[in-house]
Amino acid sequence: MVVLKGAAPSGERNFYAQDQTLKKILAERLPEEFFRYAQRELHSFGKLAAGDIDERARHNDREGAPKLEKYNRLGEDISHVWVNEGYKKTVDETYKTGIVGYVHKEIPELRMQGNYVYSFAQGYLLSQAEPGFYCPVTLTMATAYLLDRYADDHLKKRFLPHVCSTGDVELFEGATFLTERQGGSDVGANVVQALETDDGFRLYGEKYFASNAGMAGVAMVLARRQGAPVGSKGLTLFAVPWKVGGELNGIKIRRLKDKLGVRAVPSGEVEFDGAQAFVVGNPNEGLKYMMEALNLSRICNAVASIGIMKRALDEASEYARRRNAFGQKLTRFPMVQDSLMKLRAKQEFETAAIFDLIGLYDRVTAGCATAEEQVLSRLLIAILKKESAEQAIHFSHEAIEMHGGNGYIEDFVTPRLLRDAQVLTVWEGTANILGLELIRLVNKFEAHELFIAHVSERLSKLQPDDEVEWLKGKVEELHSELKAFAQFEAALQSFEAKSLMKKMAQLFENTVALEWAEREGGIYVPLAKIFTELSWGTRVVGGDMTSVKYFNDVMEG
């Protein structure tokens, strides 16, 4: 790895140690004893992620990517996926932290169950080094959610301890197989068949984009039982073990996908030929269950996005501090200061907003949320998943540009950040699919009214000043647009949905920014001003250079 003179080697870095915003989030949202535990564990994991995991990620992205060993020496189809030893070590070290397990079982030292806030803090640190591997972790989280929430006692006993393993039993990573060649995002078009036999159900057909293929111990699969109606209502959720009695469970991998990024995770085309499968929950509710898991995965996607954003910002800032051009450091140029400060403002408050959502999601999954909060949670998931995924690409681009030609060279992490970021706008729902979610929530639940009421209430609790009053005006403007949107015919709703989601994301994050400025003070005051300028274009040509004025206090202080 090329290191600029004076730069700290990656092994000396710690993604948690200097992240004051994450520490403030956890201090606010975790009980005191849990927070002390999290401080110690995340400091250790932050060092591991910035050091060994990051170095392995570089190898996984290049020559260490997974490979399919289709046949053995006798010509028998073994569909074995080879992964390198470093990747296996990352798997072992990461799951032992309880990133999945402690959401569903007690943390022995605390004698209490963990939560999603802590899990997603771990995922945020992991994604700064290896967002590719955070995909299998996400799939395992979704598998654990579905088993814990909907499986019968027999299935839970068989699979859940392994999916939630923290080193105490053999680990079964999870997978969720939805996509079929003829359907894509149109899951209702799925045709994989589930035939009932004397010894239970058997699956036949293919899944065209199956991530964690060959590494998962159990996959959650949507299939259609004989006689079930066409469309999404005819799909049943099944738990499908990868192996039974040490042998492949009627499963074959046709090939692994040659992907642009996130090369650490094996994604393949999977064929079922009589695979043993077990019904999870109500056989008529399969898609409903999977959509719940998809919402969890969308939060994971957003967490991976802010992880990439943070790494991109850190790399750009470090490079600019050390790079000389035209006789001075890059950080002495106002245009560079402006770029870095805008990235910093967006990253800080998007992170805070997403963890705000995660706190709400913890309430939803714990059964403590009202019906209105459940709808608001779904809405915020769609809005923030879309916004953060797009920002991850933007941040990666900005980091490359800050590095100049070096940013395009594989000795630096920036090319991998861009490749890994690109998939986040696609996985778990493209912007178009998320736009359809907004339309559904508005038309069925009047979610736009819940959103406006929520933001308005939060702003009403802030001390009135020019910025707060100005943002209240933006609330009124957006409310008018959303009310009109709710009355549009279907085609016009589809046309307008994505642009309105952008405004909703900006409004929610701006509200969070003003709350942080009032509550925490310090650097969050100028960052909130910059966030408002950035989001709404309020600065006029020749006006005050807020980002430059506060650069030293925020970025160098």
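Source: prediction; values computed, not measured. (Residues numbered from 1 in each chain as written. Predicted model: local features only at pLDDT ≥ 70, side-chain atom pairs only at ≥ 80, totals over all residues. Heavy atoms only, no water.)

A. Structural detail: the nonpolar core. Grouped together as the largest cluster of nonpolar side chains are 182 residues, with contacts concentrated most on Phe120, Tyr134, Leu203, Phe272 and Phe451. A total of 18 residues in this core trace back to one element, the largest contributor, which is helix 7 (residues 286-322). Look past the residues within four positions of Phe451 in its chain and what remains in contact with it is Leu376, Leu379, Leu380, Leu478, Met504, Leu507 and Phe508. (Core = buried A, V, L, I, M, F, W, Y, C linked by side-chain atoms within 4.5 Å. Buried < 20%, exposed > 50% of the residue type's maximum accessible area, 1.4 Å probe, protein only. Helix = DSSP H or I, 4+ residues; strand = E, 2+ residues; numbered from the N terminus. Contact = heavy atoms within 4.5 Å.)

B. Helix 4 (residues 116-127), seen in detail. A rise of 1.5 Å per residue sets the reference length of helix 4, with its twelve residues, at 16 Å; its end C-alpha atoms lie 16 Å apart and thus fit the reference within 8%. For helix 4, the tally of buried residues reaches twelve of twelve residues, placing the bulk of the element in the interior. Of all the residues in helix 4, the buried ones are Tyr116, Val117, Tyr118, Ser119, Phe120, Ala121, Gln122, Gly123, Tyr124, Leu125, Leu126 and Ser127. Tucked into the core, helix 4 has its buried residues touching helix 1 (20-29), helix 2 (32-61), helix 3 (85-96), helix 5 (131-150), helix 7 and helix 8 (334-365). Sitting at the amino-terminal end of helix 4 is Asn115, which places a side-chain oxygen 3.3 Å from the backbone nitrogen of Val117. (Expected span 1.5 Å × (residues − 1). Polar contact = N/O pair within 3.5 Å; in protein donor to acceptor, adjacent residues only side chain to side chain.)

C. Up close: the packing of helix 1 against helix 8. Direction vectors running N to C along helix 1 and helix 8 enclose 20°, while the axes themselves pass 10 Å from each other. In terms of their interaxial angle, helix 1 and helix 8 are classed as roughly parallel. Read as a crossing pair, helix 1 and helix 8 show a hand that is right-handed. Residues Thr21, Leu22, Ile25 and Arg29 of helix 1 form the contact with helix 8, whose participating residues are Glu348, Thr351, Ala352, Phe355, Asp356 and Gly359. Of the residues belonging to the contact of helix 1 with helix 8, the class tally is four nonpolar, three polar and three charged. (Axes fitted to C-alpha atoms, helices over the stretch in contact; angles between N-to-C directions. Parallel < 35°, antiparallel > 145°, perpendicular 65-115°, else oblique. Left-handed = near helix turned anticlockwise from the far one by under 90°. Nonpolar A, V, L, I, M, F, W, Y, C, P; charged D, E, K, R; others polar.)

D. Up close: unusual backbone geometry. A positive phi angle, near 55°, is found at Arg111, a position not held by glycine. Within the secondary structure, Arg111 sits in the loop between strand 3 (106-107) and strand 4 (112-113). A positive phi angle is found at Val262, which is not glycine, with a value near 35°.

E. Structural view of the domain arrangement of the protein. Split into domains, the protein comes out as domain 1 (20-164), domain 2 (174-284) and domain 3 (288-556). Contacts between domain 2 and domain 3 engage 18 residues on the former and nine residues on the latter. Carbon and sulfur atoms supply 77% of the area that domain 2 and domain 3 bury against each other, a total of about 1000 Å² over both sides. Linking domain 2 to domain 3 there are zero salt bridges. Applying the counting criterion to the domain 2 and domain 3 interface returns two residue pairs in polar contact (both at pLDDT 80 or more). Those elements that provide at least two residues to the side of domain 2 that touches domain 3 are strand 5 (173-177), strand 7 (200-211) and strand 8 (216-225). Top contributing element to the side of domain 2 that touches domain 3 by residue count: strand 8, with three residues. Its residues assigned to classes, the side of domain 2 that touches domain 3 shows eleven nonpolar, six polar and one charged. (Domains from an automatic or database assignment. Buried area = accessible area lost by both parts, 1.4 Å probe. Salt bridge = Lys/Arg side-chain N within 4 Å of Asp/Glu carboxyl O.)

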